[in-house]
Amino acid sequence: MDVLLQNTHLTQLLLNIDFLINSDEVTVTRSNVIDIVEDYEGHQLDTDTYIYKEPEKDSDGSRGFSFTDKEGHLEGSYIIDKDGEVTKYDEDGEPE
């Protein structure tokens, strides 16, 4: 490879890395839903007090899960839209 082609590849690689580091885009997956909610709440979820259901995906691309107290009473839920926006709902389904 000549030097100019190597520099072009290096420049493109650096631009891709910069985009990934500075991008506000969030890809919501089943494996990062909890992390997104913990970032939203500013702390880890309280698994000593609540039982968190498995996250589920809706037809619009959003993901969500509910949580109950240890006796099984619904305490609330979270919906994370496909862009990573979190909405927390109380036990009556009302946004908090």
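The coordinates are above.
Residues numbered from 1 in each chain as written. Predicted model: local features only at pLDDT ≥ 70, side-chain atom pairs only at ≥ 80, totals over all residues. Heavy atoms only, no water.

Thoughts on the packing of aromatic side chains
Link 1 in the chain: Taken as a whole and judged by the stated rule, the model has six aromatic pairs.
Link 2 in the chain: Between Tyr50 and Phe67, the aromatic rings sit 5.3 Å apart at their centres with planes inclined by 80°, giving edge-to-face as the arrangement. Within this pair, whereas Tyr50 is found in strand β1 (residues 50-52), its partner Phe67 is found in strand β3 (residues 63-69), the two being separated by 17 residues in sequence.
Link 3 in the chain: Overall, the relative accessible area of 6% leaves Phe67 in the buried class.
Link 4 in the chain: Look at Tyr52 and Phe65: their rings are 6.1 Å apart centre to centre, the planes differ by 70°, and that puts the pair in the edge-to-face class. Taken together, the positions of Tyr52 in strand β1 and Phe65 in strand β3 put the pair 13 residues apart, joining distant regions of the chain.
Link 5 in the chain: Judged by its relative accessible area of 4%, Phe65 is buried. (Phe/Tyr/Trp six-rings, centres within 6.5 Å; stacked < 30°, edge-to-face > 60°. Helix = DSSP H or I, 4+ residues; strand = E, 2+ residues; numbered from the N terminus. Buried < 20%, exposed > 50% of the residue type's maximum accessible area, 1.4 Å probe, protein only.)

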